[in-house]
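Architecture at a glance
The primary structure of each chain is shown beneath.
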Amino acid sequence: MSTVAPCFHRALSHSVCENDSLTWSDDNRIAVVTDKTIYIIDLIVSPTAVKDDSMFIMTSIPASKKRGDVDVGVCKSEFINYQYPLLKAPALAPAADTLHPVKLDTTLSPELVSTQLLSHYRHCCWSPISCDLTDLCVLASLSYDHSLCVHGGISGDNKYVLSLTESLHALIIKSDYVITNCLPENESRRYEEYRRRHYMQAVEVMCWSAVFQSETERFLPAHRHVFLIAAVKTGHIVIWKFELPMCAQSEPELTHIADTGLSIPNNMSVFEAGHNTQLLAVSDINGRIKV
């Protein structure tokens, strides 16, 4: 005789903020993104249970501190008064006939949004299993100010956090913003450059690869690593490599930045095509997909 598994529910203190705000890890933990925190829920259920006799173990990751203003080497004052083909927005600015596009983009003008909202999480995803010292999954999070972090030791408390946005910012500055190291004199071009430099550091989506394993000498443990892949608003993908197992002293290596040719990415997925062979699919807001 078959039995139906019981249903369980848990009330949260804060509101869920996104449609894809719930994700289930390979080690049977649930992460729920709310407007104030990420809840991590361990659901322990007896396989023979027919009643609600489960046990919840819950911890949370509070919202991070607001990311500081990013210095991209261009000031708004250098182009904000230029008569760009401005957007008419009488409803937004009754006292003015026009509004500069930079004032409509929260990535370029974060002051348009509440300081508290910017630090709130918008998305999270779990790594494959056996990525930390306790053979558990590791959580990556993305906030509204485009900050990308990796949280470890979340089986009990949050023991360490790695901010990958900071390493991306440092690399881009070191490489003179990849394409140009001099500012255009034309004010409209300065605005375009200002937007490009901000968008290069604005992570939109991220995902984990499967674990890669390399052969070693006999009787030695296999060398393992995993990649965290992020897509920024310029259409570039950024790849960090994590040696396994991860720990508080882990220093991920930023291994690759590539231009997909897409607009603003909105989704990514990794497909395992064979042993140590994986494919990445990226889509953008215009409906285009690249593999």
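Residues numbered from 1 in each chain as written. Predicted model: local features only at pLDDT ≥ 70, side-chain atom pairs only at ≥ 80, totals over all residues. Heavy atoms only, no water.

Further remarks concern the overall build of the protein. Check the secondary structure of the protein and you find three helices and 18 strands. For the protein, the residues scored as buried account for 43% of the 291 residues in total. Restricting to contacts in the protein with at least 6 residues of sequence separation, those with at least 24 account for 51%. Of the roughly 16,200 Å² of accessible surface on the protein, 53% is carried by carbon and sulfur atoms. (Helix = DSSP H or I, 4+ residues; strand = E, 2+ residues; numbered from the N terminus. Buried < 20%, exposed > 50% of the residue type's maximum accessible area, 1.4 Å probe, protein only. Contact = heavy atoms within 4.5 Å. Areas by Shrake-Rupley, 256 points an atom, 1.4 Å probe, with all protein chains shown as cover.)

Taken as a whole and assessed by the stated rule, the structure comprises two aromatic pairs. Between the aromatic rings of Trp208 and Phe242, the centroid separation amounts to 5.7 Å while the plane-to-plane angle is 50°, which identifies the pairing as tilted. Taken together, the residues span a long stretch of sequence, with Trp208 in strand 11 (residues 203-208) and Phe242 in strand 14 (residues 236-243) at a distance of 34 residues. With a relative accessible area of 8%, Trp208 lands in the buried category. You can call Phe242 buried: its relative accessible area is 1%. Centroid distance Phe212 to Phe227: 5.3 Å. Interplanar angle 80°. Geometry classified as edge-to-face. Residue Phe212 is found in strand 12 (residues 212-214), and its partner Phe227 is found in strand 13 (residues 223-232); the two are separated by 15 residues along the sequence. The same class applies to Phe212 as to Phe227, namely buried. (Phe/Tyr/Trp six-rings, centres within 6.5 Å; stacked < 30°, edge-to-face > 60°.)

What follows covers the sheet that holds strand 16 (residues 265-274). In space, the three strands of this open sheet follow the order 16-17-18, with antiparallel pairing throughout. Each end of this open sheet is capped by a strand with a single partner; those strands are strand 16 and strand 18 (289-290). (Pairing = 2+ DSSP bridges.)

Bringing the confidence of the model for the protein into the picture now. Per-residue confidence for the protein gives a mean pLDDT of 78, with 75% of residues at or over 70. The least confident element of the protein is strand 5 (residues 87-88), whose mean pLDDT is 46; the most confident is strand 11, at 94. This stretch, residues 84-98, has a pLDDT under 50; its non-local contacts, to residues over four places away or in other chains, come to 20 contacts. (pLDDT = per-residue confidence, 0-100.)

This next bit is on the side chain of Ser209. Within the secondary structure layout, Ser209 lies in the loop between strand 11 and strand 12. Take Ser209: its relative accessible area is 4%, and that puts it in the buried class. Beyond its immediate chain neighbours, meaning those up to four positions away, Ser209 contacts Pro128, Val226, Phe227, Val270 and Gln278.

This next bit is on a nonpolar patch on the surface. Side chains of Phe271, Leu279, Ile289 and Val291 sit close together on the surface and give an oily, nonpolar patch of about 460 Å² of accessible area. Note on placement: Leu279 falls in strand 17 (residues 277-284). (Patch = residues over 30% accessible without salt bridge, like charges linked within 9 Å, V, L, I, M, F, W, Y side chains within 5 Å. Salt bridge = Lys/Arg side-chain N within 4 Å of Asp/Glu carboxyl O.)

This part takes up the nonpolar core. Counting residues in hydrophobic clusters, the biggest one holds 24 residues, and the most contacted among them are Val150, Trp208, Leu228 and Phe242. Here this core takes four residues from strand 13, the largest share from any one element. (Core = buried A, V, L, I, M, F, W, Y, C linked by side-chain atoms within 4.5 Å.)

If charged atoms from side chains of opposite charge come close, those side chains can pair. Tallied over the entire structure, the rule returns seven salt bridges. In this structure, the salt-bridge partner of Asp27 is Arg29, at a minimum N-O distance of 2.8 Å. A single burial state applies to Asp27 and to Arg29, both of which are buried. Arg122 is the partner of Glu204 in a salt bridge, and the nearest nitrogen-oxygen pair spans 3.6 Å. One end of the pair, Glu204, is in strand 11; the other, Arg122, is in strand 7 (residues 121-126), and 82 residues separate them in sequence. Classification of Arg122 as buried rests on a relative accessible area of 19%.

Taken across its 10 residues, strand 13 has eight buried, putting it largely inside the fold. Here strand 11 runs beside strand 13; their pairing, made up of five bridges, is antiparallel. Within the sheet, the bridge partner assigned to Cys207 lies in strand 13 and is Ile229. Sheet topology note: the strand 13/strand 14 ladder contains seven bridges and is antiparallel. Its bridge partner being in strand 14, Ile229 is matched across the sheet by Ile239. Between the antiparallel neighbours strand 13 and strand 14 lie three residues, among them Gly235 with a positive phi of about 100°.

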